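Structural description and commentary
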Amino acid sequence: MADVRLSGVHKYYGNVHAVRGVDLVINDGEFAVLVGPSGCGKSTLLRTIAGLEDPDQGTIAIGGAVVNDLRPRERNIAMVFQNYALYPYLTVKENIAFGLRARKTPEIELRKRVNEAAEMLGIGGLLERYPRQLSGGQRQRVAIGRAIVRKAELFLFDEPLSNLDAQLRDEMRGEIKRLHHEITTTMIYVTHDQVEAMTLADRIVLLRDGKIEQQGAPLELFERPRTGFVAGFLGSPSINLIPAKLASTDNGISAVFENGGTLALPASRVSSLKGMEGRPILLGIRPQHFSRATGGALREGVMSYPATAELIQPTGTRTLTTIKIGGVDAIAELQAHDVESHGETIELAVDLNRAVLIDPASGEVIS
Ligand SMILES: Nc1ncnc2c1ncn2[C@@H]1O[C@H](COP(=O)(O)OP(=O)(O)OP(=O)(O)O)[C@@H](O)[C@H]1O
Ligand SMILES: [Mg+2]
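Computed from a predicted structure; not experimentally measured.

Scanning the chain from terminus to terminus reveals eight helices and 21 strands. Across its three principal directions, the C-alpha atoms of the chain cover 80 × 45 × 35 Å. Here the chain holds 367 residues, and 36% of them are scored as buried. Restricting to contacts in the chain with at least 6 residues of sequence separation, those with at least 24 account for 66%.

Here you go:
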């Protein structure tokens, strides 16, 4: 078990500045997920921790010791890659045992560890099979088994589930989380899938262009994003960002849209927005914060808004409904039967208590 500390880490590939000054502390036993769009430097950062890349600047410490000068095999790390090539001519058992044999582990110890790992991963009955006789998810488990028998003090995963179909991915995600509960080893997991990041992480580290944009607990990032980028990256469907201007009204402050429509902001926002009247904003409203108005009294900060359902996409449990707010397209995630047909006019309740107001120039959240 070990904590991981990165300070001032930079990595260049020629003139590509892939990692641009990363300071990061991952606590002992924590499950940290590095997430961000393609090319933002996730794999590079992970490979730097593993020792497969050398940083051009900065230090990497594992369990309190700086490891910059240690080769990958000296770092006591186990890594699972996206392309977890198993040895096709070895059985499951021998695939899992491979690293232990290479380290000349005694046979009794080796068998015990392989059986434990296989049991934990639910592949105990498959030990004599060959990889070609396994499903994608079973192969993935063998690859994870190969990593966990090593009893490393740090596990690194680089998009280990991206080759699996959606259902298997959901299943394996649950198993990896359960595995972490059981072995409580520090894990760093790379994905570009925000659902995977949200569901697995104790701590999400959201990278953008080689830098940390924001890090914290999943719900902290989701509910209190510091930038429009974070607000837009997390959540599915994405948060709606509607251009508007702030304007003061008799009893508070409103967002005035480009087509002249308005939405009154909650009284609780008035003090934080004082003096900002006239400023342009992006009003961020998550699809989940719309509901169909029932005709009863609305809570403080919830406004009614009539809209036309321009497009409806039922998912079974919910119906994603495209509407216009302030002249721009927005998605409202309604209950399955809230809207039945295209073109229907519906009265929506918009919960603005959780709206995010973004400065369009800097991209920072202002309230
Ligand atoms: N060996 C390399 N040589 C040159 N440039 C590289 C190399 N590896 C990565 N890069 C560049 O460094 C940047 C970061 O790449 P990296 O693989 O870390 O991204 P990533 O966040 O893992 O993306 P993805 O989600 O697509 O896997 C990208 O611009 C990439 O093109
Ligand atoms: Mg990558």
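Don't stop here, the text continues.
Near ligand 1 you find Tyr 13, Val 16, Ala 18, Gly 36, Ser 38, Gly 39, Cys 40, Gly 41, Lys 42, Ser 43, Thr 44 and His 192, and these make up its full shell. Those elements that provide at least two residues to the shell around ligand 1 are β2 (16-26) and α1 (42-50). Element by element, the count of residues in the shell around ligand 1 is highest for α1, at three residues.

Let's shift gears to the sheet that holds strand β10 (residues 211-216). As summarised here, the arrangement of the six strands in space is β6-β7-β8-β3-β9-β10, forming an open sheet in which the pairing is mixed. Strand pairing shows two members of the sheet lacking a second neighbour, β6 (77-80) and β10, which therefore form its edges. Recorded for the sheet is a direction-independent mean angle of 15° between the axes of neighbouring strands. Relative to β10, strand β9 (residues 203-208) runs antiparallel, the two sharing five bridges. Opposite Leu 207, over in β10, you have Ile 212 as the bridge partner.

With four bridges connecting them, strand β17 (residues 311-314) and strand β18 (residues 318-325) associate as antiparallel partners. By the bridge assignment, Leu 311 is partnered in β18 with Thr 322. Here β17 hands over to β18 after three residues, with Gly 316 in that stretch at a positive phi of 110°.

Moving on: the packing of helix α2 (residues 92-102) against helix α3 (residues 107-120). For the pair α2 and α3, the least separation of the axes is 10 Å and the interaxial angle reads 130°. Classified by the angle between their axes, α2 and α3 sit oblique to one another. Handedness of the crossing formed by α2 with α3: right-handed. Across the interface between the two elements, Lys 93, Ile 96, Ala 97, Leu 100 and Arg 101 from α2 touch Leu 110, Arg 113, Val 114, Ala 117 and Ala 118 from α3.

What follows covers unusual backbone geometry. The residue after Ser 236, namely Pro 237, is reached through a cis peptide bond having omega -10°. With respect to the element layout, Pro 237 can be found in the loop between α8 (228-233) and β11 (240-249). The backbone phi angle of Glu 159 is positive, close to 45°, even though this residue is not glycine. Inspection of the secondary structure puts Glu 159 in the loop between β7 (154-158) and α5 (166-183). What makes Glu 159 partly exposed here is the crowd of 19 C-beta atoms within 10 Å. Of note in the backbone geometry, Thr 184 takes a positive phi value of approximately 45° without being a glycine. Structurally, Thr 184 can be placed in the loop between α5 and β8 (186-191). By the C-beta count within 10 Å, which is 13 here, Thr 184 ends up partly exposed.

Further remarks concern the domain arrangement of the chain. Domain boundaries in the chain define domain 1 (4-227) and domain 2 (240-358). Taking only C-alpha atoms into account, the centre of domain 1 sits 40 Å from that of domain 2.

For any two helices packed against each other, the geometry is given by the interaxial angle and the distance between the axes. For the pair α2 and helix α4 (residues 136-148), interaxial distance at closest approach is 7 Å and the crossing angle is 35°. Relative to α4, the crossing made by α2 is right-handed. Where α2 approaches α4, its residues Val 92, Asn 95, Ile 96, Phe 98 and Gly 99 are matched on the opposing element by Val 142, Gly 145 and Arg 146. By residue class, the composition of the contact of α2 with α4 is four nonpolar, three polar and one charged.

Considering the arrangement of structural elements, one finds Leu 273 in the loop between β13 (262-264) and β14 (280-285). Between the C-alpha atoms of Leu 273 and Ile 366, which are 93 residues apart in sequence, the distance is 8.0 Å. Not counting residues up to four positions away in its chain, the partners in contact with Leu 273 are Leu 246, Ile 253 and Ser 367.

Quick look at the sheet that holds β11 now. Within the open sheet, the five strands sit side by side as β13-β12-β11-β14-β21. Their pairing is antiparallel. At either end of the open sheet lies a strand with only one pairing partner, and these are β13 and β21 (356-358). On average, adjacent strands in this sheet sit at an angle of 40° to one another, irrespective of strand direction.

Definitions and cut-offs
Residues numbered from 1 in each chain as written. Chains lettered and ligands numbered in written order. Predicted model: local features only at pLDDT ≥ 70, side-chain atom pairs only at ≥ 80, totals over all residues. Helix = DSSP H or I, 4+ residues; strand = E, 2+ residues; numbered from the N terminus. Buried ≥ 20, exposed ≤ 12 C-beta atoms within 10 Å, placed from the backbone. Contact = placed C-beta atoms within 7 Å. Near = placed C-beta within 6 Å. Pairing = 2+ DSSP bridges. Axes fitted to C-alpha atoms, helices over the stretch in contact; angles between N-to-C directions. Parallel < 35°, antiparallel > 145°, perpendicular 65-115°, else oblique. Left-handed = near helix turned anticlockwise from the far one by under 90°. Domains from an automatic or database assignment. Nonpolar A, V, L, I, M, F, W, Y, C, P; charged D, E, K, R; others polar.

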